[in-house]
Protein chains: 2
Amino acid sequence: MGMAAPVKIIAVGDELLEGRTLDSNSRDIQRALGGHAVQVELVQMVPDRQDAIVQALDRTTEGDLVFMCGGLGSTPDDLTREAVAVWGGVDLPEDERAMEMIRARYRRRGRAMHPVVARQARVPAGLRPVANPVGSAPGLVGRLRGRHLILLPGFPAELNGLLPLMVAELRGSGLLPAEGRVLTYRLAQITELALVDLCRPVMDSHPGLKWSWWVTDWGVDLRVAAPGGCADDAMPQEMADALEAALGHHVFSRRDQDLAAVVQKMMLARAATCGVAESCTGGLIGGALTANPGSSGFFRGGFLVYADDAKSKLLEVGEADLAGHGAVSEPVARAMAAGCRRKLGCDYALAVSGISGPGGGTEGKPVGTTWVAVATPSALFAHCYRFPADRRRNRLLTVAAALDSLRRVLQFGDDADPWSLTAAWDFRA
Amino acid sequence: MGMAAPVKIIAVGDELLEGRTLDSNSRDIQRALGGHAVQVELVQMVPDRQDAIVQALDRTTEGDLVFMCGGLGSTPDDLTREAVAVWGGVDLPEDERAMEMIRARYRRRGRAMHPVVARQARVPAGLRPVANPVGSAPGLVGRLRGRHLILLPGFPAELNGLLPLMVAELRGSGLLPAEGRVLTYRLAQITELALVDLCRPVMDSHPGLKWSWWVTDWGVDLRVAAPGGCADDAMPQEMADALEAALGHHVFSRRDQDLAAVVQKMMLARAATCGVAESCTGGLIGGALTANPGSSGFFRGGFLVYADDAKSKLLEVGEADLAGHGAVSEPVARAMAAGCRRKLGCDYALAVSGISGPGGGTEGKPVGTTWVAVATPSALFAHCYRFPADRRRNRLLTVAAALDSLRRVLQFGDDADPWSLTAAWDFRA
């Protein structure tokens, strides 16, 4: 494979230097580049000042592939276009193609264009605009002073809308290395350490590969890469098979799909419907199940039964169970799931009731204690987790556990207890 | 007060350049410095390579205050100590004070010290160790080649354990400025451009202040800072008053509170309860209202009525309204809010029904068309928005619009139409 260009990232924005925002953009750029196959050499974060942006560009060298994000908007503190023009010693004319992209976007939305937005149509001579499928500011690409520049908006949604287009173009033009073979797995109901233990035997028997894992909202992602350009036999099929066997039912996706999208695909495939009954998550499970287009094809709705009286009022959970076992208990979780399925007339129902913290924990039911129940057309299963984190994270872990338990039932059968499978997750009560 | 030293941060670690980890350390350092009073000039992220760390140090200049985080552990890829010694042209002897700090920590925990940990006791000549209250690796501080260096471990918990000690010492030695006056406002139902327009007159009449605004999930945040160290009369009270008047009812917080926390505070203050009826948001509003500890004091629960038959089944929304006006209509939104309040027996109810996209739009009801209704103990209000973004963002904008409309009712009275106030937001149908 040909020598790949060194990649440098410049993230522009006062908010990145004043403790206001975490820089997720350079992370997203790194992932779009194939993460571990291409290690970025340098990330610079600089404030919304023309001189600071120019200095950052001066720290790049000829032949670099330079991603810049931020400062392409229409407010006075958006200075990336101007700084690039000054650094490159080129003009900053209004570009008719860019102006048309912006006009087209406003036309599609039947809205009037605020005059200052015209600033977004100015393009440093030598660069060209790329239509932004999400926001109004076009991306800008081209060569200047021996660097290949890619200018992206700082708003994450807009950046991620443009990234795939940009990266595909770079690969096409050979500026990015052909990726060696890469295996990607997304796993749920497993901890990072437990995953590493599962991988260990395969790691030891197949040296020379690059392994990385990182915690996500759904669980843990695993990536195994053959060093860029090295022959595929660095990663023989039997190695992939051994890894698959080790990871087993924890894998919910071998691509970039999130857990809600996987559940949706399975639901639509069997024309099934589902609903939710949420206590501690307050709606986050329904929110996740409706995040992807097409969710109306399977998601009917649900019940937020945060207060105890709501549990009995809306889902006819027995007062006796609530009084005798408490809201966070197996009988209540089961009654919630059954009641949700009955009242909505859906095929599957998820129910969760837990103590997210920081308050509400007791000796017998510490913070993190969470019951999850799944009602299928032919069975009703429940399981108790004990999540180890803070309120925010415990709620996310509950969403992931509920969705993945539904995924397991859809994958292994309506009568298969999703928790009878060996689980490497150690968040068990 | 004397001129403050420019601050630069160097974050070391492969995981920061391969899409694995978000760099929270430089954010934490920035916050510890007083965020907005001290704007960091440059953040560099470099991989675990000695040459890369040396190059990052070469990009600093004499007089800089340089924070470095990461690479102080005991594994072979921890190279910050070595790189600093090489860059500074100094030795890297084992430091008896550092060794004693490490031994003391192991003694306290009654554990034997693994031999490799001794690496953590090596200190570049000219720097001195600072005991780490959290981890074993001491922090290192001192002057080298005209820079004031502060070396911190990369584990966030250890870094945050050492930071306060370091910053206190820096303030004591006058290396950090006294904080200038800062005004902070969090606004909802306004766009960034509209906010800038509101600010313009005050900006023009009070030059020399630092203005910044950034989009959040709730709306837009605004910060106005008197340059660090300049006299407070750079920001006279009449200026603050004029700004307050211009921003008006869009302001939901003058501190760091999020919109859900503000609503919760108001709800608890009047011992009121609320519920939600969500269609397009699928539970995100309930999820937001239960994000903060203590939400059980006011949030009762709600209804996820994603499918039309769920709207009629759970909330008795009239079939005639659904058929005649469609699910995304004023009568349906009103019926949802009224039904939610009635069935839950709560004081206030929020209802939303919209077309988040990408599909489902029509000529008369394009993607983004969203009805929000608020039921109060004495009135029922509804309003139609037309949000301009993609599915994900349209849903977040809906959550913010709903919560802020409830906030307005709580702030201005149960009979005050939250949408009768002049609104600079241009997401109106």
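In every chain, residue numbers begin from 1 and rise along the written sequence. A letter from A marks each chain and a number from 1 marks each ligand, given out in the order of writing. Only residues with pLDDT of at least 70 get local features here, since the model is predicted, and only at 80 or more are side-chain atom pairs given and counted; chain-wide, interface and lining totals rely on the full set of residues. Computation of side-chain values: all heavy atoms of the structure, hydrogens and water removed.

Enquirer: Please set out the overall build of chain A residue by residue, giving values where relevant.
Expert: Scanning chain A from N- to C-terminus turns up 13 helices and 15 strands. Projected onto the principal axes, the alpha-carbon positions of chain A cover approximately 75 × 60 × 40 Å. With 429 residues in all, chain A has 60% of them scored as buried. Contacts between residues were defined by any pair of non-hydrogen atoms, one from each residue, lying within 4.5 Å. Sequence-distant contacts in chain A: of pairs separated by 6 or more residues, those separated by 24 or more amount to 69%. Only four residue types enter the tally: Lys and Arg on the positive side, Asp and Glu on the negative side, with His and both chain ends excluded. Here the site of a charge means atom NZ of a Lys, CZ of an Arg, CG of an Asp or CD of a Glu. Averaging the positions of the 46 positive and the 49 negative side-chain charges in chain A gives two centres separated by 3 Å. By definition, any uninterrupted DSSP run of H or I lasting at least four residues is a helix, any uninterrupted run of E lasting at least two residues is a strand, and each is numbered from the N terminus. Type-normalised accessible area, obtained with a 1.4 Å probe on protein chains alone, sets the label of each residue: buried when under 20%, exposed when over 50%, and partly exposed for intermediate values.

Enquirer: I'd like a rundown of the pairing of strand S8 (residues 210–215) of chain B, residues and numbers included.
Expert: Residue and element names in this part refer to chain B. DSSP-based pairing: two strands are paired if at least 2 bridges between them are found. In this structure, S8 lies alongside strand S9 (residues 219–225), joined through six bridges in antiparallel fashion. Residue pairing across strands places Lys-210 opposite Ala-225, the latter belonging to S9. Counting the residues between successive antiparallel strands, the hairpin from S8 to S9 contains three residues.

Enquirer: Please provide a residue-by-residue account of the interface of chain A and chain B, values included.
Expert: On the chain B side, the residues contacting the 77 residues of chain A number 79 residues. Counting the surface lost from both chain A and chain B, the interface buries some 6,000 Å², and carbon and sulfur atoms represent 55% of this. Any carboxyl oxygen of Asp or Glu that lies within 4 Å of a side-chain nitrogen of Lys or Arg is treated as forming a salt bridge with it. A salt bridge links Arg223(B) to Glu18(A); the nearest nitrogen and oxygen atoms lie 3.0 Å apart. Counted as a polar contact is a pair of N or O atoms within 3.5 Å, where, for protein atoms, one must be capable of donating a hydrogen and the other of accepting one, and residues adjacent in sequence contribute only when both atoms are in side chains. For the pair chain A and chain B, the number of links is 44 residue pairs in polar contact (both at pLDDT 80 or more). Here the residues of the side of chain A that touches chain B are counted per class, giving 31 nonpolar, 25 polar and 21 charged. Relative to strand S2 (residues 42–46) of chain B, strand S2 (residues 42–46) of chain A runs antiparallel, the two being bridged by three bridges. When the bridges of S2(B) are listed, Val43(A) appears paired with Met45(B). Take the accessible area each of two parts loses on contact, using a 1.4 Å probe, and add the two losses: that sum is the buried area. Residues were grouped as follows: Ala, Val, Leu, Ile, Met, Phe, Trp, Tyr, Cys and Pro as nonpolar; Asp, Glu, Lys and Arg as charged; and all remaining residues, including Gly, as polar.

Enquirer: Account for the pattern of salt bridges, with residues named and values stated.
Expert: Applying the stated criterion across every chain, the model contains 40 salt bridges over all chains. Among the salt bridges present, the one from Lys313(A) reaches Asp309(A), with a minimum N-O distance of 3.5 Å. Of this pair, Lys313(A) and Asp309(A) both sit in helix H10 (residues 308–315), four residues apart, which is roughly one turn of that helix. Residues Glu96(B) and Arg103(B) are paired through a salt bridge, measuring 3.4 Å at the closest nitrogen-oxygen approach.

Enquirer: For helix H2 (residues 50–58) of chain B, give the residues involved together with the corresponding values.
Expert: Ala52(B), Ile53(B), Val54(B), Ala56(B) and Leu57(B) are the residues of H2(B) that are buried. On its buried face, H2(B) sits against strand S1 (7–12), S2, strand S3 (65–69), helix H3 (80–88) and strand S6 (147–152) of chain B.

Enquirer: How would you summarise the sheet that holds strand S7 (residues 182–188) of chain A if you had to cite specific residues and measurements?
Expert: Residue and element names in this part refer to chain A. Reading across the sheet, the four strands line up as S8-S9-S7-S10 and stay open at both edges, with antiparallel pairing between neighbours. Each edge of the open sheet carries a strand with a single partner, namely strand S8 (210–215) and strand S10 (251–253). Put simply, the sheet's adjacent strands are angled 30° from each other on average, direction ignored. With two bridges connecting them, S7 and S10 associate as antiparallel partners. Directly across from Arg-186, in S10, lies its bridge partner Ser-253. Against the sheet, helix H6 (residues 192–205) contacts S7, S8 and strand S9 (219–225), and its axis sits at roughly 165° relative to S8. Strand contacts of helix H7 (residues 237–247): S7, S8, S9 and S10, with the helix running at about 5° to S7, the strand carrying the most contacts. What counts as an axis is a line fitted to C-alpha atoms, over the stretch in contact for a helix, and the angles between N-to-C directions run from 0 to 180 degrees.

Enquirer: I'd like a description of helix H6 (residues 192–205) of chain B, backed by residues and values.
Expert: All names here are of chain B. Along its 14 residues, H6 runs 20 Å from first to last C-alpha, staying within 8% of the 20 Å computed at 1.5 Å per residue. The term bend refers to the angle at a residue between two fitted axes, each drawn through seven residues, those ending there and those starting there. Of all the bends in H6, the greatest reaches close to 45° and is centred on Cys-199; the proline Pro-201 follows between one and four positions later. Buried within H6 we find Ala-194, Leu-195, Val-196, Cys-199, Val-202 and Met-203. On its buried face, H6 is in contact with strand S7 (182–188), S8, S9 and helix H7 (237–247). Given a helix with a known number of residues, its expected span is that number minus one, times 1.5 Å.

Enquirer: Outline the environment of Leu243(B), supporting the account with residue identities and numerical values.
Expert: Residues and elements named next belong to chain B. Looking at the element boundaries, Leu-243 is found in helix H7. In sequence terms Leu-243 and Trp-214 are 29 residues apart; their C-alpha atoms lie 17 Å from each other. In contact with Leu-243, not counting residues within four places along its chain, are Leu-183, Tyr-185, Cys-199, Val-202, Trp-211, Leu-222 and Val-224.

Enquirer: Explain the sheet that holds strand S13 (residues 348–354) of chain B to me, using residue names and the numbers behind them.
Expert: Pairing in this open sheet of 10 strands is mixed, and the strands run S15(A)-S14(A)-S13(A)-S11(A)-S12(A)-S12(B)-S11(B)-S13(B)-S14(B)-S15(B) from one edge to the other. What marks the edges here is a single partner per strand, and that holds for strand S15 (380–386) of chain A together with strand S15 (380–386) of chain B. Sheet twist, expressed as the mean angle between neighbouring strand axes with direction ignored, is 15°. Here five bridges tie strand S11 (residues 274–278) of chain B to S13(B), and the two strands are oriented parallel to one another. In the sheet register, Cys274(B) faces S13(B), and the bridge partner there is Tyr348(B).

Enquirer: Describe in detail the domain arrangement of chain A, supporting the description with residues and values.
Expert: A common way to report how large an interface is uses the accessible area buried once the components associate. All the domain ranges listed were derived from an automatic or database domain assignment. In terms of domains, chain A is made up of domain 1 (7–172), domain 2 (182–253) and domain 3 (259–412). Each of domain 1 of chain A and domain 2 of chain A has a C-alpha centre, and these two points are 34 Å apart.

Enquirer: I'd like a description of the side chain of Asp77(A), backed by residues and values.
Expert: Of note, Asp77(A) is situated in the loop between strand S3 (65–69) and helix H3 (80–88). Engagement of the side chain of Asp77(A) in a polar contact is seen with the side chain of Thr75(A), the distance being 2.7 Å. Apart from residues no more than four positions distant in its own chain, Asp77(A) is found in contact with Asp48(A) and Trp213(B).

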